[in-house]
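Secondary and tertiary structure notes
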Amino acid sequence: MNVAVRLFARARKLAGTDSLVLTLTEPASVRQLKERLGETCPALRPLLPQLLVAVGTDYVTDDMLVAANSDIACFPPVSGG
Amino acid sequence: MVRLTREPIDYAALTERVRSSQAGAVVLFLGTVREMTAGRRTIALDYEAYPEMAIIKMQQLCDEASTRWPITAAAIEHRLGRLELGEISVALAVSSPHRADAFEAGRFLIDRLKEIVPVWKQENWDDGTTEWVHPDSTMTAKLAMQSPSHEEADGRSETN
């Protein structure tokens, strides 16, 4: 399946784009999505250990599964305020 | 009452939004652009957000504060884009019948905002370099703690 991933802040800068489409084998976990992200976009690898993933507007853990129509966002630790 | 804006924050108007005859106390917090950080000089900060999620998370924080303290109202506004030294990046106001609750809820709101609301800042240093600010994430640690495999491994579970 293909999933669209939105990127923000340093993730967007490193990738050079604000969104990517990843091809994953179902069922795919967030952990597998991160691995595929690193394969598809090697520039993001330094960020992977700290990368946060949101589906919709909720943070998700590495064990959770993603669906083809999931609204996925990946970004570094937040620094607002 | 939460908002993202690219315009200067009107913190007096924000404060007015939480004032009430039910409240005996109003606490206002402003986050402002600081010039010196660990000996380095900043000339400006650039803020960006994942806006849809940031709004939801800020509203969730206000809702959570309302369940934990008897507050009358809470409002948060975060600015995005380029901010010069001294400008206000975030403003939050909390009202409550008595001051202790307003102070505690306000502290909770800004501390949690910095942990979970998807907003990022980039430093523009005076030597011409730029640098994204990405603190060691408490969220990364908490999400790792929440994973079932981790809980089995060390017997701990998330307590917030």
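The paragraphs below set out a description of the structure included in this document. (Residues numbered from 1 in each chain as written. Chains lettered and ligands numbered in written order. Predicted model: local features only at pLDDT ≥ 70, side-chain atom pairs only at ≥ 80, totals over all residues. Heavy atoms only, no water.)

**Side note on the overall build of chain B**
Helix and strand counts for chain B stand at five helices and nine strands. Moving toward the C terminus, one meets the helices and strands of chain B in the order β-α-β-β-β-α-β-β-β-α-β-β-α-α. Scored against the burial criterion, the 160 residues of chain B give a buried share of 46%. Long-range contacts, defined as pairs at least 24 residues apart, comprise 72% of the intrachain contacts of chain B with a sequence gap of at least 6. Carbon and sulfur atoms form 50% of the exposed surface of chain B, whose accessible area is close to 8,100 Å². (Helix = DSSP H or I, 4+ residues; strand = E, 2+ residues; numbered from the N terminus. Buried < 20%, exposed > 50% of the residue type's maximum accessible area, 1.4 Å probe, protein only. Contact = heavy atoms within 4.5 Å. Areas by Shrake-Rupley, 256 points an atom, 1.4 Å probe, with all protein chains shown as cover.)

**Let's talk about the overall build of chain A**
Tallying secondary structure elements over chain A gives two helices and seven strands in all. Put simply, chain A runs from its N terminus to its C terminus through helices and strands in the order β-α-β-β-α-β-β-β-β. Taken over C-alpha atoms, the radius of gyration comes to 11 Å for chain A, in line with the 12 Å a tight globule of 81 residues would show. Along the first, second and third principal axes, the C-alpha set of chain A runs to 35 × 25 × 20 Å. Counted over contacts in chain A with a minimum sequence separation of 6, partners at least 24 positions apart contribute 50%. A total accessible area of about 3,600 Å² is found for chain A, and carbon and sulfur atoms account for 50% of it. The positive charge centre, built from 8 side chains, and the negative charge centre, built from 8, are 10 Å apart in chain A. (Rg over C-alpha atoms; globule rule 2.2 N^0.38 Å. Lys, Arg positive; Asp, Glu negative; His and termini not counted. Charge placed at Lys NZ, Arg CZ, Asp CG, Glu CD.)

**Examining the interface of chain A and chain B**
Frequently, the measure chosen for interface size is the accessible area that the parts lose on association. Facing 26 residues of chain A, the contacting portion of chain B comprises 35 residues. For the chain A and chain B pair, buried surface summed over both sides reaches about 2,500 Å², with 58% attributable to carbon and sulfur atoms. On inspection of chain A and its partner chain B, the count reaches 16 residue pairs in polar contact (both at pLDDT 80 or more). Where the side of chain A that touches chain B is concerned, the elements lending two or more residues are α1 (9–15), β4 (52–55), β5 (58–59) and β7 (72–75) of chain A. A per-element tally of the side of chain A that touches chain B places α1 of chain A first, with four residues. Along the lines of polarity and charge, the residues of the side of chain A that touches chain B split into twelve nonpolar, seven polar and seven charged. (Buried area = accessible area lost by both parts, 1.4 Å probe. Polar contact = N/O pair within 3.5 Å; in protein donor to acceptor, adjacent residues only side chain to side chain. Nonpolar A, V, L, I, M, F, W, Y, C, P; charged D, E, K, R; others polar.)

**Remarks on the sheet that holds strand β2 (residues 19–23) of chain A**
All names here are of chain A. Here we have five strands laid out as an open sheet, ordered β2-β1-β7-β4-β5, and mixed in their pairing. Sheet topology places β2 and β5 at the edges, where each strand pairs with a single neighbour. Where strand β1 (residues 2–7) and β7 come together, three bridges link them in parallel fashion. Across the sheet, the residue bridging to Arg 6 is Ala 73, located in β7. (Pairing = 2+ DSSP bridges.)

**A closer look at the packing of helix α2 (residues 51–68) of chain B against helix α3 (residues 99–116) of chain B**
Residues and elements named next belong to chain B. α3 packs onto α2 with a crossing angle of 145 degrees between their chain directions and a minimal axis gap of 10 Å. Here α2 and α3 pass one another in a crossing that is right-handed. Across from Lys 57, Met 58, Leu 61, Cys 62, Glu 64, Ala 65 and Arg 68 in α2, the residues of α3 making contact are Phe 108, Leu 109, Arg 112, Leu 113 and Ile 116. Here the residues of the contact of α2 with α3 sort into eight nonpolar, no polar and four charged. (Axes fitted to C-alpha atoms, helices over the stretch in contact; angles between N-to-C directions. Left-handed = near helix turned anticlockwise from the far one by under 90°.)

**Topic: the environment of Lys 114 of chain B**
Its place among the elements puts Lys 114 of chain B in helix α3. Counting along the chain gives 24 residues from Lys 114 of chain B to Thr 138 of chain B, while the straight-line C-alpha distance between them is 9.8 Å.

**Thoughts on the sheet that holds strand β7 (residues 88–96) of chain B**
All names here are of chain B. The sheet built from four strands is open, its strands ordered β1-β5-β7-β2 with mixed pairing. What marks the edges here is a single partner per strand, and that holds for β1 (2–5) and β2 (25–32). Here the average twist between neighbouring strands, direction ignored, is 10 degrees. Bridge count between strand β5 (residues 73–79) and β7: six bridges; the pairing is antiparallel. What sits directly across from Ala 73, in β7, is Ser 95. Where helix α1 (residues 11–18) meets the sheet, it contacts β2, β5 and β7, and its direction lies at approximately 20 degrees from that of β7. Of the strands in this sheet, β2, β5 and β7 touch α3, which is tilted by about 150 degrees from β7.

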